[in-house]
Amino acid sequence: MTEQTPQSQLNSIATNGKPLLEVRNLKMYFPIVKGIFGKITGYVKAADDVSFYIQSGETLGLVGESGCGKTTVGRCIVRAYKPTDGSIVYQRADETTVDLAKVDSKELQTYRKDIRMIFQDPYSSLNPRMNVFEIISEVLRVNELCSPKEMEYMVAHIMEQCGLRPEYMRRYPHAFSGGERQRIGIARALVTSPRLVVCDEAVSGLDVSVRAQILNLMEDLRREMNLTYLFISHDLSVIRHICDRVAVMYVGKLVELADANALYTNPLHPYTESLMSAVPIPNPNLRDRKNRIRLEGEVADPSNPPSGCYFHPRCRYAKERCSTETPVLRDLGDHHFVACHFADELELTGVRMA
Amino acid sequence: MADNNNLLVQVEDLKIHFFTNEGIVRAVDGVTFDIHSGETLCMVGESGCGKSVTARALLQIVHRPGKIVDGSIVLYRQKSHDQIEKVRISDLEPKGREIRSIRGKDISMIFQEPMTSLSPMYTVGNQIMETIMLHTKADKNQARARTLELLEFVGIPRPNRIIDEYPFRLSGGMRQRAMIAMALSCNPRLLIADEPTTALDVTTQAQIIDLIQGLQKDYDMGVLFITHDLGVVAEIADRVAVMYLGNVVEYSDVYTIFNDPQHPYTQSLLRSIPKVTATREKLEVIRGMVPSPFRRPSGCPFHPRCPKAMPVCSEIEPKTISLTENHQVHCLLFDEDAKKPVREMAS
């Protein structure tokens, strides 16, 4: 068993290519409050010791089931939450670094334009009382990023890039369809020319044909504007499509992190394997795959997680050690990180390539 | 088609229109399909294509101002051992005695949102027992015993405790299981599942699909499964009806739909989904978006987005063409009569 902590390994990688963002041992605990005196009776560990890095220009996927803490991690990075512990090291354009987890809200403002977010629900994330121009330009106005004269030009420009007609700038969100609203959300995120964009389930609420349009748009914009994405989703097919590397979370912990191809074809964590096996494949000729894995039971309660490895009550390879000792995230070569005691012994099956 | 002995429901040329202040919405515009016992028919399409409304019509629970304006829905109901009664559901009063004896008994339904379709005011057990006591002569104790049996059957742990819990105490997957238990409480002949797994995680989705398929085998039920997820369709369907703006545009067995689709919409839809088995490449898209139901395009409603549209497509509404006995397409590309006059005009 390796003695290294996830942090030290990630540091070793960080030295050979400076990542745009490095999350180290991020913890976000939400207190459970009982009674009128607000007595704290416990904590929901939404993110527990999460470490990863994002290189400039790549797309990192964050997958997991609902309640696994993937959204919490995203929100900590845009600093909608102040993390309980850990650090979020961001590399500025001049190659100096800053720990976003520590800075105060005033200083944080300078990074708001660099790290932006795209939300899931295009209906509730746009203020119905603001027209499209006001929605997109709000960030420019609040942060005084440009003069009012330039503002109109900038909004028109980003709308065009996002496939919206600038003539519709004065319309209100209700006049747009779901796909168009999502484009407005994307335009709002990109108008400041950010360096990192956190996409939280950005295409999950969309219809199949519109989803394909938005995915292609995001890919085009990434290339044109030199963006880096943290793409949070529960949809493994979408993640596969858009991501270079993928991190899998389970009950607040990172269980596997690897290159997308390696993760899908050769998963090393039993949870990743069962996720892969549960994805319905749109090909009826493959439906009689015999080796399907069906997970028993439910996702563990993050306020009262099981002992040892959180996945052990549902894991079909679980041994005694799994219930007593918590596995740490370790590198099994080629930057393939996994948090499982038996990762190098198990032979797991991934997705068969078509 | 399968032999007619196990025919369950036959829907013919069903039209459901919504009479709103802004105009008439043709939500379902001439839909024909049938379901046999033991088979799964998947209805697939994007939002607003009329798949949910069609399913609701089978139980006469179409929301106002929607109304069945034309067509028929016939339920083949087993009266006794070898006697089958034909019930025209489309003619029944939505609040009448007869349809109420069918709902939950012969046909039952699972809804998309397990959060909102269970009443928060009653315990899970109460809600399931209500259905049982309504449709059978069981008394409270018998109904409770049957409910416990059902809860155990759908894989709910500790049914003795869960039966007296309120729905908010259950997770999404458990609520959906409770819904399924309720739907199955009177051994229905037809189960309508309206996006039952859309709100669930992949691993829970896989569990629920397994459960429905297992139950179907045990009870020889017919299942009408509504979804927009083509992966789920490929996994469970026997036959598939692809819908677009109120029409079934293609209707065939699952292998034909996926391996040899003929309608341009089906073809583009299949190409526009990201696949877990394929590497990163640009997705093919269907241009434009689903039009507003108030501005339904003339002729074939798909023509503004169709890659193979011909001039005639904006003028004539397509008919349903049978390519083979079990492959129907709703497209003018296959209608030789419709194409002719255009060719003559062109020459």
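Structure's up top.
It should be emphasised that the depicted structure is a prediction, and the values quoted were computed from it without experimental measurement.

Here we look at the overall build of chain B
Broken down by element type, chain B carries 11 helices and 12 strands. Taking 347 residues into account, the globule formula puts the C-alpha radius of gyration at 20 Å, and chain B, at 21 Å, falls close to it. Taking the principal axes of its C-alpha atoms as reference, chain B extends roughly 80 × 50 × 45 Å. Per-residue burial for chain B yields a buried fraction of 56% across its 347 residues. Contacts in chain B between residues at least 24 apart in sequence constitute 62% of all its contacts with a sequence separation of at least 6. Accessible surface computed for chain B: about 15,800 Å², of which carbon and sulfur atoms make up 50%. Mean positive and mean negative side-chain charge positions of chain B (40 and 43 charges, respectively) differ by 5 Å.

A short note on the sheet that holds strand β11 (residues 330-331) of chain A
Residue and element names in this part refer to chain A. The mixed open sheet is built from eight strands, whose spatial order is β6-β7-β8-β3-β9-β10-β12-β11. Every interior strand has two partners, whereas the edge strands, β6 (115-118) and β11, have only one. Two strands pair when backbone bridges link them, and β11 and strand β12 (residues 337-338) are joined in this way by two bridges, in the antiparallel orientation. Along β12, the bridge assignment pairs arginine 330 with valine 338. Where helix α7 (residues 208-225) meets the sheet, it contacts β3 (59-63), β6, β7 (196-200) and β8 (228-233), and its direction lies at approximately 155 degrees from that of β8.

Topic: the interface of chain B and chain A
In many reports, interface size means the accessible area that the parts give up when they come together. The interface of chain B with chain A comprises 45 residues on the first partner and 50 residues on the second. Connecting chain B to chain A are one salt bridge. One salt bridge in this structure joins aspartate 220 of chain A and lysine 282 of chain B, with 2.7 Å as the shortest N-O distance. Elements that contribute at least two residues to the side of chain B that touches chain A include exactly α7 (202-219), α8 (230-236) and α9 (254-259) of chain B.

Here we look at the pairing of strand β8 (residues 222-227) of chain B
Residue and element names in this part refer to chain B. Of all six residues in β8, six are buried; the element is thus mostly enclosed. Residues Gly222, Leu224 and Ile226 line one face of β8 and the alternating positions Val223, Phe225 and Thr227 line the opposite face, and both faces are buried. Bridge analysis of strand β3 (residues 40-44) against β8 gives five bridges, and the strand direction is parallel. Counterpart to threonine 40 in the pairing with β8 is valine 223. Pairing geometry for strand β7 (residues 190-194) and β8, over five bridges, is parallel. By the bridge assignment, isoleucine 192 is partnered in β8 with leucine 224. Chirality of the crossover, the property in question, places the unit of β7, α7 and β8 among those that are right-handed.

Description of the pattern of salt bridges
For the structure shown, the criterion picks out 31 salt bridges over all chains. As a salt-bridge pair, glutamate 58 of chain A and arginine 245 of chain A come within 2.7 Å of each other at their nearest N and O atoms. With glutamate 58 of chain A in the loop between β2 (39-54) and β3 and arginine 245 of chain A in strand β9 (residues 245-250), this residue pair connects regions lying 187 residues apart in the sequence. Here aspartate 335 of chain B ties to lysine 319 of chain B by a salt bridge, and the two come within 3.9 Å at their closest N and O atoms. Note that aspartate 335 of chain B is positioned in the loop between β12 (327-330) and α11 (336-346) and lysine 319 of chain B in the loop between α10 (264-271) and β11 (320-324), a separation of 16 residues in sequence. Its relative accessible area of 5% is what places aspartate 335 of chain B among the buried residues. Residue lysine 319 of chain B is classed as partly exposed on the basis of its relative accessible area, which comes to 48%. Where salt bridges share partners, they join Arg26, Asp29, Arg296 and Glu317 of chain B into one cluster.

What about the sheet that holds β2 of chain A?
All names here are of chain A. Spatial strand order, β2-β1-β4-β5: four strands in an open sheet with antiparallel pairing. For this open sheet the edge positions go to β2 and β5 (97-99), each flanked by a neighbour on one side alone. The sheet shows a mean angle of 25 degrees between the axes of neighbouring strands, taken without regard to direction. Pairing of strand β1 (residues 21-34) with β2, which is carried by 12 bridges, proceeds in the antiparallel orientation. Within β2, the residue paired with valine 23 across the bridge is phenylalanine 52. Packing of helix α2 (residues 70-77) onto the sheet brings it into contact with β1, β2 and β4 (85-91), and relative to β1 it is tilted by some 115 degrees.

Cut-offs and rules
Residues numbered from 1 in each chain as written. Chains lettered and ligands numbered in written order. Predicted model: local features only at pLDDT ≥ 70, side-chain atom pairs only at ≥ 80, totals over all residues. Heavy atoms only, no water. Helix = DSSP H or I, 4+ residues; strand = E, 2+ residues; numbered from the N terminus. Rg over C-alpha atoms; globule rule 2.2 N^0.38 Å. Buried < 20%, exposed > 50% of the residue type's maximum accessible area, 1.4 Å probe, protein only. Contact = heavy atoms within 4.5 Å. Areas by Shrake-Rupley, 256 points an atom, 1.4 Å probe, with all protein chains shown as cover. Lys, Arg positive; Asp, Glu negative; His and termini not counted. Charge placed at Lys NZ, Arg CZ, Asp CG, Glu CD. Pairing = 2+ DSSP bridges. Axes fitted to C-alpha atoms, helices over the stretch in contact; angles between N-to-C directions. Salt bridge = Lys/Arg side-chain N within 4 Å of Asp/Glu carboxyl O. Right-handed = clockwise from strand over helix to strand, strands pointing away.

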